[in-house]
Amino acid sequence: MVTTYEFDVLVMGAGLAGLRAALAAHQTGATVAVITKVHPVRSHSNAAQGGINAALTDRGDKWEEHAFETVKGSDYLSDQDAVEILAQEAGQDILALEHMGVIFNRNEEGRLGTRRFGGQKRARTFFVSDFTGQALLHVLYEQAMKARLPVFEEWFVTSLVKDEQGRCGGVLAFEIRSGRMALFKAKAVVIAAGGLGRVFEPSTNALICTGDGIAIAYRGGAPLMDMEMVQYHPTTLQGKGLLLSEAARGEGAYLLNAEGERFMEQYAPNMMELASRDVVSRAEQIEINEGRGINGCVLLDCRHLGKKLIRERLSQISEEAKSFANIDLTEEPVPICPGMHYMMGGVKTDVEGRCWDPAGGWQGVPGLFAAGEAACLSLHGGNRLGANSLLETVVFGRRAGRCAGEYAETLAFPRISDGVVKDGENALKKVLARPETGDTVARIRHEMGCAMTEGFGVFRDEEGMAHAQQTVGSLRERWNRVAIHDKGQVFNTSLVRALELDFMLDCAETIALGAVTRTESRGAHFRTDCLERDDDHWLKHILIHYRPDGPPQLDYLPVRITQWEPQVRVY
Amino acid sequence: MQTTFHIRRFNPESESPQSYFQDYQLATERSDTVLDALIRIRETVDESLTLRCSCRGAICGSCGMRINGHAALACKTKVASLISSGETIHVEPMNNMPVIKDLVTDMAGFWEKIRQVQPWLQPTGSAPEGEYLAAPEAMNHLTGVMHCIMCGACVSDCAALEVNPNFVGPAALAKAYRFVADPRDGNSSSRLGELNNPGGMWDCTRCMECIEVCPKGVGAMDRIMTLRAKGIEHGVPSTSGSRHTEAFADIIEQKGRLDEPMLAVRTFGLTNLRQMFSFLPMIFRALPRGKLPRSGPLHRPIPGIDRIRRLFQRAKEPR
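The structure contained in this document is the topic of the report that follows. Residue positions are given per chain, counted from 1 along the sequence in the order it is written. To label them, take the chains in the order written and letter them from A, then take the ligands in the order written and number them from 1. In view of the model being predicted, local features appear only for residues whose pLDDT reaches at least 70, and side-chain atom pairs are presented and counted only at 80 or more, with totals across whole chains, interfaces and linings using the full set of residues. The side-chain quantities take in all heavy atoms of the structure and omit both hydrogens and water.

## A short note on the side chain of Thr70(A)
Each helix is a run of H or I in the DSSP string that is no shorter than four residues. Each strand is a run of E no shorter than two, and both are numbered from the N terminus. Here Thr70(A) shows up in helix 2 (residues 63-73). Only 2.9 Å separates the side chain of Thr70(A) from the backbone oxygen of His66(A), close enough to count as a polar contact. Here a polar contact means two N or O atoms within 3.5 Å. Within protein one must be a hydrogen donor candidate and the other an acceptor candidate, and residues neighboring in sequence count only if both atoms are side-chain atoms.

Here's what the structure looks like:
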């Protein structure tokens, strides 16, 4: 029999959303644990560079402006009730982070300073140089240490478990260091395990971003939403796809084509380089496709910003440009291109992070919550504004954690049948028992990544998407026979990577399905064969349900509009 | 370019779990990092090669390891910076921590020491309604230590830790500095008091290795030195460490060069008989070889001592 742990609330993932959720659940008096496949400070929240948005009213800003710009940025696909909450509660969360110890940049009066970010007319992005995510993550981890939250570090979650009523009752996981499997019983589970960038090649995302949480929730019966909405960041380094923060453009950097022109004039005459990310990425790709690029790139020019500003506010990217592109930002422009960066879609939740609808409007899994990049409220709709992702993690991480804690109070511990645990164990044993040689995880992953980038890039069309979808289908077949070379129990990364690939293939399938279904262009989903946004037919979300013995099932939910009717989107 | 990677392997599940070296030959390109190469080995040659890695951009701190004898992030170390023509690159797990498998080390002890410095903000009084007011320079200054990604490189190569496992270590001390130097923290005195204990800030031997190997320019040793200065400023009770520092400066000011026996006496105290007797064997060995340094009145000030004293005066003037 495997070990059983019991907690009121179990949080999967220890990035910003996970830690924020765990702390909020802890404050409700619930017993809370965090389970994560890497140490919390290795989480990918680290990689967020530029900042975190909030409209602080005492600075003359209005939450309505922030909300409207978020909705416009989303190409009117975001649910406006969720966006309103995000914008209204942003200020209190920024201050809470500051009080916890985040060393936000200050202005001359010693108050919090701001910088500009894309898709927004006002400077409302609070920041710590250009490593805001890291500065936030380390502070939230400090708070987790202070609260003595139990963290199961380097544990790999393999599946959700449910009780006989179909309520989420915890997860099955194994400790990477020992291979030992355990059942984590919980009255509520919060999925905060981040994005799925590695489904694409290249991607700005870390190697751990393999969509585990998304796939686990999906297979557990929670629907995924907006999966076709994949953000391409306008400034990434060619090759591995490392990110150069939007903060550079926020501070005033230019985008130049091979002729040295600030080409954004043609595409977004008002906002220029600070138009929303989908718009800038498309503009760059057009420049490159029409022969005004340089070896598949355009240029990001920071030279006129001056050495002092670069040193103080863009230190990390200037270091990054030096280490990885061999370029001194103060001397030379750096070649960049659009690169896969963020998943707007994810596990469908309501504004309390619930992956089910208590009113029964849509089917989900009671007891399951989600927050952060793994979740889809939908806040970002077709395109996320820069510096809204960090905000989402703290606002909706907090809300999901609190709701999970309060929800758990009302319940007894779930009863999980021995059969469920046995099945989980056997499934893992079966993967480990694969042949030692043959098709490799690395090869399948690479082919999947290239196919996804090819088929679901900045520009999409039916033929390309169908081809990529077919490739992904055949890779799923190949995964079923993939070789596992390492047969050990201790730190078997060979096994871990095979399981991650399994999750990624689920993600890839749902991205493809969402994209071929949406026959319009909206936000990041831009089809050269359906150029227009089609509000008559597509002002709605696509939901995808997993079916264990058959193809996934599609469902639709209308976009929730509170005060901003769709308009033509110009920057 | 064909490159040989000489990698220390360890599999705790093998029949005789002992570490050994294995060589891998790999074609590398100019732009390759050591991490690129290790991943390629793992993906195309030997899937069992085990390491931690994630961000590929020197921000997650996963891939700390020793490369050619010094701790570094594999993702930030270019192969081309290590070799010019076919030399072998040595890759080993970090030092000063147990190895779990191949290049993966157990960092539990590392984190235990971080927790030891109570690494969270401890303001006095209740939080203000808005933000804490703080000087922009103070916050900018803290970004230096906040750049720390807890990769463990400094701890791996810390010479003091190697002989003194009780030492809290450079990463934890840099973390402690982050709070002592934070104008919002109200607990500096008690933090410095804690760090004044054995195993704390005085146990650093100033070998500078932590500064040398840090991939993020945190400069742990410099932070430790500032902590010591702040400790003395805050009047934390004197320890052999702080007395050593004060006596050292004092002797140089008086004599212009070190009076080593006097330094030992003033550091440990003449009444600390056990410590004093422990020096006897060394004295008896040094004496017949003529290596016992002169001390007290026999240790004359150097010529030009006035200039040294003027330097001290100037250093003591308020800036």
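## Notes on the sheet that holds strand 13 (residues 298-301) of chain A
All names here are of chain A. A pair of strands is considered paired only if DSSP assigns at least 2 bridges between the two. Spatially, the 4 strands line up as an open sheet ordered 11-14-13-12, and their pairing is antiparallel. Edge strands, defined here as strands with exactly one partner in the open sheet, are strand 11 (230-236) and strand 12 (254-256). Strand-to-strand, the axes of this sheet are offset by a mean angle of 45°, without reference to chain direction. Of the strand pairs in this sheet, strand 11 and strand 14 (residues 334-343) are connected by 5 bridges, and their pairing is antiparallel. Opposite Gln231, over in strand 14, you have Tyr342 as the bridge partner. In this analysis an axis means a line fitted to C-alpha atoms, helices contributing only their contacting stretch, and an angle means the value between N-to-C directions, from 0 to 180 degrees.

## Considerations on helix 1 (residues 34-45) of chain B
Taking 1.5 Å per residue as the helical rise, helix 1 of chain B with its 12 residues ought to reach 16 Å, and the 15 Å between its terminal C-alpha atoms agrees with that figure. Accessibility here uses a 1.4 Å probe with only protein chains present; expressed as a share of the type maximum, an area under 20% marks a residue as buried, one over 50% as exposed, and anything in between as partly exposed. Every buried residue of helix 1 of chain B is listed here: Val34(B), Leu35(B), Asp36(B), Ala37(B), Leu38(B), Ile39(B), Ile41(B) and Arg42(B). Helix span, expected: 1.5 Å multiplied by one less than the number of residues in the helix.

## Re the sheet that holds strand 1 (residues 2-9) of chain B
Residues and elements named next belong to chain B. Here 5 strands make up an open sheet; going across it, the order is 2-1-5-3-4 and the pairing mixed. The open sheet has two free edges, formed respectively by strand 2 (20-27) and strand 4 (70-73), since each of these has just one partner strand. For this sheet, the mean inter-axis angle between neighbouring strands, taken without regard to orientation, is 35°. Note that strand 3 (residues 64-67) and strand 4 share 4 bridges and pair antiparallel. Residue Ile67 lies in a different strand from strand 4, and its bridge partner there is His70. Contacts were defined at the residue level, with two residues in contact if any of their heavy atoms lie within 4.5 Å. Where helix 1 meets the sheet, it contacts strand 1, strand 2, strand 3 and strand 5 (88-92), and its direction lies at approximately 95° from that of strand 2.

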